[in-house]
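Report on the structure
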Amino acid sequence: MDAVSQLQRQFVEYTTSLYREGYLDDQFTQLQKLQDESNPDFVVEVVTLFFEDSEKLLNNLTTALQQENIDYKQVDAHVHQFKGSSSSIGAQRVKNVCVVFRNYCDEKNLDGCVLCLQQAKNEYILIRNKLEALFNLEQQILQAGGSVPMMA
């Protein structure tokens with residue numbers, strides 16, 4: 001098996017594992033379908049914006065939950081935005097944490113909010129690292145002269 005075929009197989013197996021383990025959902029597939037020859041970096045660009053946005057939102061949430069008088073409406077607004085952006089790229093596990101986080105905001109449960117913030121940070125770091133690894137694999141395939149396999 002040549003290097004390109006091996007990289008392509010690795011790409012398919014890795015992508016499949018991201019779906020199977022719940023890191024990604026069908027929204028990521030929809031995002032990939034929007035990418036074409038006229039915009040070959042579409043997915044990377046959208047996901048990079050998600051990364052930048054997420055860093056800001058997580059910092060805002062950390063600051064908001066450290067205030068003496070916590071504005072749970074503001075916290076909820078940040079979580080709602082984080083849920084929306086993670087949902088738009090198919091980051092399923094991040095989105096799922098945000099659903100629970102919003103419930104704690106409704107209950108004004110500080111301990112629950114702090115716990116969810118830590119979980120959201122952890123899940124965000126995981127998906128960021130996994131997507132960066134996926135994009136790195138894509139680059140290796142392209143640099144070796146191959147084409148990136150389309151996932152069904």
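Our subject in this report is the structure included herewith. (Residues numbered from 1 in each chain as written. Predicted model: local features only at pLDDT ≥ 70, side-chain atom pairs only at ≥ 80, totals over all residues. Heavy atoms only, no water.)

We now examine the nonpolar core. In terms of nonpolar packing, the biggest core is built from 41 residues, with Val47, Val75, Phe82, Phe101 and Leu131 touching the most fellow members. With 11 residues, helix H6 (residues 110-143) is the largest single contributor of residues to this core. Each residue touching Val47, except ones within four places of it in the same chain, is listed here: Phe28, Leu31, Ile89, Leu131 and Phe135. (Core = buried A, V, L, I, M, F, W, Y, C linked by side-chain atoms within 4.5 Å. Buried < 20%, exposed > 50% of the residue type's maximum accessible area, 1.4 Å probe, protein only. Helix = DSSP H or I, 4+ residues; strand = E, 2+ residues; numbered from the N terminus. Contact = heavy atoms within 4.5 Å.)

Before going further, it helps to examine the environment of Lys121. Counting through the fold element by element, Lys121 comes out in helix H6. On the basis of relative accessibility, which here comes to 25%, the residue Lys121 falls in the partly exposed class. Along the backbone, Lys121 and Glu55 are 66 residues apart, and their C-alpha atoms lie at a distance of 9.1 Å. In this view, Lys121 contacts Leu58 and Thr62; residues no more than four positions away in its chain are not counted.

Here we take up the packing of helix H2 (residues 26-33) against helix H3 (residues 42-65). At a minimum axis separation of 8 Å, H2 and H3 run at an interaxial angle of 130°. If you check the angle between H2 and H3, you find them oblique. Handedness of the H2/H3 crossing: right-handed. Where H2 approaches H3, its residues Phe28, Leu31 and Gln32 are matched on the opposing element by Phe42, Val43, Val46 and Val47. Residues that form the contact of H2 with H3 fall into these classes: 6 nonpolar, 1 polar and no charged. (Axes fitted to C-alpha atoms, helices over the stretch in contact; angles between N-to-C directions. Parallel < 35°, antiparallel > 145°, perpendicular 65-115°, else oblique. Left-handed = near helix turned anticlockwise from the far one by under 90°. Nonpolar A, V, L, I, M, F, W, Y, C, P; charged D, E, K, R; others polar.)

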